[in-house]
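Geometric and topological summary
The chain contents come next:
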Amino acid sequence: MQCKFTAKRGSATIVGDIFLPEKLPAPAVVFSHGFGGTRKSFYPDCRLLAEKGAAAVCFDFRGGSPRSDSGNDTENMTVFTEKEDLFAVIDALARDSRIKADALFLFGESQGGLVSALAAAERPAAVRGLILLYPAFCIPDDWRRVFPTQADIPESHSFWGVTLGRQYFQSIRGLDPFDEIGKYRNPVLIMHGDADDVVPLSYSERAARTYKNAALSVYPGEGHGFSPAARGQVCEETLAFILEKRSC
């Protein structure tokens, strides 16, 4: 069953959908989309998980895309505003009687993977397990190369059809994700293609070494954005991970 889902962050409303299995309360997976994406790309994953007995939540980050149903200008979005959006979703689910309080999982794709990893490291007690699909731990390095000094950062900059504000780049200048993510000690599943020319596989390999309890699944020939067949396999791996780790 698919229902509307919302979470409040101050006066703002984060818009999403929740897919529910027949048996409740259920473990839940929160899907965080990548840069310029929306929650709708996760609908097939959410439907399959609900059919298999897990609740699934997907939502639009505020300013995460010009097409975001959660509103906000993309120029006001940063990795850290997205992290606060995700916290609002986690808090809303903690109050939801349909969700098992001790079985909440985060699934993050690309930039959403970086955001999910940072959120899990900050609130490890709230996150039973973490699933990362080609997580973009490269983002701070990439933009430091584009804008080597503070003075190089423009007031706004368009990238992949999204106009970003100066604060997006300023906020990540001092960020080293690998200094943060290792604080999370619960199980982690990382999935990454070996032909990814956007986020090099080496970042996920380093993450797998940084985490205390991580498994890395490498998909031969897959790039940044998996083929339908590989995406189906991702969903199966996600389901197996949840079923195994939900009561560990």
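**Description of the environment of Glu 180**
Along the chain, the position of Glu 180 falls in helix α6 (residues 177-180). Given a relative accessible area of 29%, Glu 180 falls into the partly exposed group. Taking the C-alpha atoms as reference points, Glu 180 and Pro 140, separated by 40 residues in sequence, lie 13 Å from one another. If we ignore the near neighbours within four places in the chain, the residues touching Glu 180 are Leu 118, Ala 121 and Leu 175.

**Examining the pattern of salt bridges**
Counting across every chain of the model gives twelve salt bridges. A salt bridge links Arg 231 to Glu 109, with the shortest nitrogen-to-oxygen separation between them at 3.3 Å. In this pair, Arg 231 is assigned in helix α8 (residues 228-245) and Glu 109 in strand β5 (residues 99-109), connecting sequence segments 122 residues apart. For Arg 145, the salt bridge is made with Asp 142, and the minimal N-O distance between the two is 2.6 Å. In this pair, Arg 145 and Asp 142 both sit in helix α4 (residues 139-146), three residues apart, roughly one turn of the helix.

**Overview of helix α2 (residues 79-94)**
Over its 16 residues, α2 extends 23 Å from the first C-alpha to the last, a length consistent with the 22 Å expected when each residue adds 1.5 Å. Inspection of α2 places Val 79, Thr 81, Glu 82, Lys 83, Asp 85, Leu 86, Phe 87, Ala 88, Val 89, Ile 90, Ala 92 and Leu 93 among the buried residues, and these make up the whole buried set.

**So, the sheet that holds β5**
Spatial ordering of the open sheet is given by β1-β2-β4-β3-β5-β6-β9-β10, a layout of eight strands whose pairing is mixed. Since the sheet does not close on itself, it has two edges, and those belong to β1 (2-9) and β10 (214-219), each with one partner. Strand-to-strand twist in this sheet, taken as the mean axis angle between neighbours without regard to direction, amounts to 20°. Here helix α1 (residues 43-51) sits on the sheet and contacts β1, β2 (12-19), β3 (26-32) and β4 (55-59); the angle it forms with β2, its principal contact strand, is near 50°. Helix α3 (residues 111-122) contacts β3, β5 and β6 (129-133) of the sheet and is inclined by roughly 140° relative to β5.

**Overview of the packing of aromatic side chains**
Summed over all chains, the structure comprises 19 aromatic pairs. Ring plane angle 70° and centroid distance 6.5 Å describe the contact between Phe 35 and Tyr 168, whose orientation is recorded as edge-to-face. Of the two residues, Phe 35 is situated in the loop between β3 and α1 and Tyr 168 in helix α5 (residues 166-171); the sequence distance between them amounts to 133 residues. Aromatic pair Phe 178 and Tyr 203: ring centres 6.4 Å apart, planes at 20°, arrangement stacked. Of this pair, Phe 178 sits in helix α6 while Tyr 203 sits in helix α7 (residues 201-210), placing them 25 residues apart in sequence. Its relative accessible area of 9% is what places Phe 178 among the buried residues. One aromatic cluster in this structure is built from Phe 35, Trp 143, Phe 147, Phe 159, Trp 160, Tyr 168 and Phe 169.

Reading guide: rules and limits
- Residues numbered from 1 in each chain as written.
- Predicted model: local features only at pLDDT ≥ 70, side-chain atom pairs only at ≥ 80, totals over all residues.
- Heavy atoms only, no water.
- Helix = DSSP H or I, 4+ residues; strand = E, 2+ residues; numbered from the N terminus.
- Buried < 20%, exposed > 50% of the residue type's maximum accessible area, 1.4 Å probe, protein only.
- Contact = heavy atoms within 4.5 Å.
- Salt bridge = Lys/Arg side-chain N within 4 Å of Asp/Glu carboxyl O.
- Expected span 1.5 Å × (residues − 1).
- Pairing = 2+ DSSP bridges.
- Axes fitted to C-alpha atoms, helices over the stretch in contact; angles between N-to-C directions.
- Phe/Tyr/Trp six-rings, centres within 6.5 Å; stacked < 30°, edge-to-face > 60°.

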